[in-house]
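One-letter residues, chain by chain:
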Amino acid sequence: MGVLARDDREFTLIYSSNTRVGKHTLSYIQGIRDKVNAIDIAQTKVPDTVWAELAETMGMSVGDLVDKRVVKADDTSEFDTNDWLKIIQNNNEVLTQPIAINGKKTQQIVNPTDVLKFFNVDSAGLEKTMHTEKPTIKPTSNGKND
């Protein structure tokens, strides 16, 4: 049993409010779900064991959770798990890709709209239009659930 509580009815987003992708992903998920357990690591410390569990669940190392372009170090090749955990704990902006959790599913969100696919939001019936036009919100699938 892992440290992180997992429930198919619970939607969790671990993000940094100091990153663009984190803020936008939170906006998307709040628009599609009533109850979201949003954990802003800029405000709340996440235990090291949770970071390790998240990385392991996704088949990554803890260092893979970090955007190396944001890390203020010339060479990170010698960093170990403890080094990466310290970096995450002290520099929340290095988590540029928030982590979405739903039951046993865990995924880092690269693009804020990816969270819609992760949470199985059906966009059928929404016709894409130019940003200057009003969107078509009527069903376009002739009543079928495609």
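Residues numbered from 1 in each chain as written. Predicted model: local features only at pLDDT ≥ 70, side-chain atom pairs only at ≥ 80, totals over all residues. Heavy atoms only, no water.

Peer 1: Help me understand the nonpolar core, please; the structure alone is not making it clear to me.
Peer 2: Generally speaking, nonpolar side chains in soluble globular proteins are found buried as a group. Grouped together as the largest cluster of nonpolar side chains are 22 residues, with contacts concentrated most on Ile14, Val46, Trp51, Leu54, Leu65, Leu95 and Ile99. The set of elements that each furnish at least two residues to this core consists of helix H2 (48–57), helix H3 (81–90) and strand E3 (99–102). In terms of nonpolar packing, the next biggest core, distinct from the first, is built from 10 residues, Ile29, Ala100, Ile109 and Val115 among them. (Core = buried A, V, L, I, M, F, W, Y, C linked by side-chain atoms within 4.5 Å. Buried < 20%, exposed > 50% of the residue type's maximum accessible area, 1.4 Å probe, protein only. Helix = DSSP H or I, 4+ residues; strand = E, 2+ residues; numbered from the N terminus.)

Peer 1: Hey, could you run me through the environment of Asn92 in this one?
Peer 2: Its location among the elements puts Asn92 in the loop between H3 and E3. Taking relative accessible area as the criterion, Asn92 reaches 14% and is therefore assigned buried. Sequence separation between Asn92 and Thr19 is 73 residues; the distance between their C-alpha atoms is 8.7 Å. Setting aside its immediate chain neighbours within four residues, Asn92 contacts Ser16, Asn18, Ile41 and Ala42. (Contact = heavy atoms within 4.5 Å.)

Without other data, these values stay purely geometric and don't point to any function.
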